[in-house]
Amino acid sequence: MEHRDETISTPEENPRTMPAGRLTLNPRRFAVEEVPVPRPGPGEVLVAVKASGVCLSDIHLIDGSLTPPFNKNDAVTLGHETAGVIEEIGPGVTGWTVGTRVALQAGQACGLCPACLQRKPCPEVRTRGVDYDGGWAEFTIARADTLVAIPDNLPFDQAAIIPDAVSTPYSAIVDTGQLRPGQAVGIWGIGGLGAHGVRICRMAGAYPIIALDPVPSARERALSFGADLALDPSSPSVAEEVRAATGGRGLDLAFDFAGVPAVREQAAALLGLSGVLVLVGLTPHPLTVPDGIGFSVKGNQLRGHYGSSDGSVEQLIALSSGGRLDLAPSITAHIPLAEAAEAVSQLQRKVGDPIRLILVP
């Protein structure tokens, strides 16, 4: 199925307009603007957005530290965490009906490369709200194969954050880290990803779960979400406290959700025998392992992680709607779409130490 990079139609195609949080890419400029309501093409549906999350990645896009790798357009509607209701169905779409409640996968295969044609993992996954228009709008286009139905008992705001804020740490822990019950885990950065990482590790049976964050309120949140110990990573006694909590063996798994070089160095140093460091937070800076010999002697490993694995969104929707994972505490505030710039500023300045701010059209 051919992918359309541009999902905003022209006024001639559709005279209706809607507000959308648009990022002009060169030069970088973000504003809520009136744009035409898009129309679904073959294999696509139009979704009436009910909730869309504000992520640190959106800030990185706006400030220029993150550049859309596959977007050839002059501007893009942000928002990769989105849930809503199917409004209109395009040609050739089967299995979906108008009015169905859905969450939108954050990424989609390009559909054109040899891997896609052979039904293998796509090396060029496009990200919603980055490489093509996302959910900071009243309506958004979604390819039918990126929809996941959500049950009536799962609120739109909670469903919206699953495709990234929840599924990314879930996949990092369960798939990339391959966590087993009883393993000692360290989690650096208790923000939008790390907070859910704590809860997922608790659900998966990790022990002890050690959260590390320089912000006192983030450490308190980690404890309320199920961490056994919350430490300030700048404390000179961190290594001693981790050894004591793990019976002297060190960490079996360490997760960097902060994307900070100093975090990675500290985490690598606290790994035990055969311990694994999983890199989830993104940073352009080089990785340094201070004790290269020790890292090799202990049989440690580094594993990179990005996004979510196949099936993780569906699994998390089932876990959330089934009462195994309560995401209500993750929703910090609801903000009107018209105030999207203020929501970005609040997250950037960490006003109220938010986990997830939700934009509502």
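A. Main features of the side chain of Asn 300. Residue placement: Asn 300 occurs in the loop between α8 (292-297) and β16 (301-304). The exposure class of Asn 300 is buried, given its relative accessible area of 9%. Setting aside chain neighbours within four positions, we find Asn 300 in contact with Leu 271, Gly 272, Leu 273, Ser 274, Gly 275, Gly 294 and Phe 295.

B. The arrangement of the pattern of salt bridges in detail. Under the counting rule described, the total for this entry stands at eleven salt bridges. The shortest N-O distance in the salt bridge between Arg 356 and Glu 81 comes to 2.8 Å. Note that Arg 356 is positioned in strand β18 (residues 356-360) and Glu 81 in the loop between β4 (75-77) and β5 (82-89), a separation of 275 residues in sequence. Of the two residues, Arg 356 and Glu 81, neither departs from the other in class, the shared state being buried. Note that Arg 202 is salt-bridged to Asp 228, the shortest N-O span being 3.6 Å. Remark: Asp 228 occurs in the loop between α5 (216-224) and β13 (229-231) and Arg 202 occurs in helix α4 (residues 194-204); sequence separation between them is 26 residues.

C. Examining the sheet that holds strand β11 (residues 185-188) more closely. Read from one edge of the open sheet, six strands run β13-β12-β11-β14-β15-β16, paired in parallel fashion. Whereas interior strands pair on both sides, the edge strands pair on one side only; in this sheet they are β13 and β16. Each neighbouring strand pair of the sheet contributes to a mean axis angle of 20 degrees, computed without reference to strand direction.

D. Broad picture of unusual backbone geometry. Residues Asn 26 and Pro 27 are joined by a peptide bond in cis, for which omega reads 0 degrees. Turning to its location among the elements, Pro 27 is positioned in the loop between β1 (17-25) and β2 (28-36). With omega at -10 degrees, the peptide bond leading from Tyr 207 into Pro 208 counts as cis. Among the structural elements, Pro 208 can be located in the loop between α4 and β12 (209-212). Of note, Gln 178 is a non-glycine position whose phi angle comes to about 55 degrees, a positive value. The backbone phi angle of Asp 353 is positive, close to 50 degrees, even though this residue is not glycine. Here Asp 353 shows up in the loop between α10 (340-349) and β18. The exposure class of Asp 353 is buried, given its relative accessible area of 19%.

E. Local environment of the environment of Pro 69. Summarising the element assignment, Pro 69 is placed in the loop between α1 (56-63) and β4. Judged by its relative accessible area of 58%, Pro 69 is exposed. Each C-alpha atom of the pair Pro 69 and Thr 127 lies 9.3 Å from the other, and the pair is 58 residues apart in sequence. Non-local contacts of Pro 69, meaning those with residues more than four positions away in its chain, are made with Val 130 and Asp 131.

F. Local environment of α4. The element α4 is largely enclosed, with a buried count of eight among its eleven residues. Among all positions of α4, only Gly 194, Ala 195, His 196, Gly 197, Val 198, Arg 199, Ile 200 and Cys 201 are buried. Buried residues along α4 sit in contact with α3 (156-176), β11, β12 and α5. Backbone geometry just downstream of α4 places Gly 205 in the positive-phi region, at approximately 95 degrees.

G. Just the sheet that holds β1, in detail. Spatial strand order, β2-β1-β4: three strands in an open sheet with antiparallel pairing. Each having just a single partner strand, β2 and β4 make up the two edges of the open sheet. The average undirected angle you get between the axes of adjacent strands in this sheet is 40 degrees. Here β1 runs beside β2; their pairing, made up of nine bridges, is antiparallel. Directly across from Gly 21, in β2, lies its bridge partner Val 32.

H. Structural view of the packing of α1 against α10. Put simply, α1 and α10 touch, their axes get as near as 10 Å, and they point 105 degrees apart. Compared by their axis directions, α1 and α10 come out roughly perpendicular. Contacts from Leu 56, Ile 59 and Ile 62 in α1 reach Val 344, Leu 347 and Gln 348 in α10. A per-class count over the contact of α1 with α10 returns five nonpolar, one polar and no charged.

I. Structural view of the state of the cysteines. All told, the structure shown has zero disulfides when counted by the stated rule. The closest cysteine sulfur to the non-disulfide-bonded Cys 55 is located on Cys 201, 19 Å from its own sulfur. On the basis of relative accessible area, Cys 201 is assigned to the buried category, the value being 0%.

Calculation notes
Residues numbered from 1 in each chain as written. Predicted model: local features only at pLDDT ≥ 70, side-chain atom pairs only at ≥ 80, totals over all residues. Heavy atoms only, no water. Helix = DSSP H or I, 4+ residues; strand = E, 2+ residues; numbered from the N terminus. Buried < 20%, exposed > 50% of the residue type's maximum accessible area, 1.4 Å probe, protein only. Contact = heavy atoms within 4.5 Å. Salt bridge = Lys/Arg side-chain N within 4 Å of Asp/Glu carboxyl O. Pairing = 2+ DSSP bridges. Axes fitted to C-alpha atoms, helices over the stretch in contact; angles between N-to-C directions. Parallel < 35°, antiparallel > 145°, perpendicular 65-115°, else oblique. Nonpolar A, V, L, I, M, F, W, Y, C, P; charged D, E, K, R; others polar. Disulfide = S-S within 2.5 Å.

Coordinates in, geometry out; function isn't part of it.
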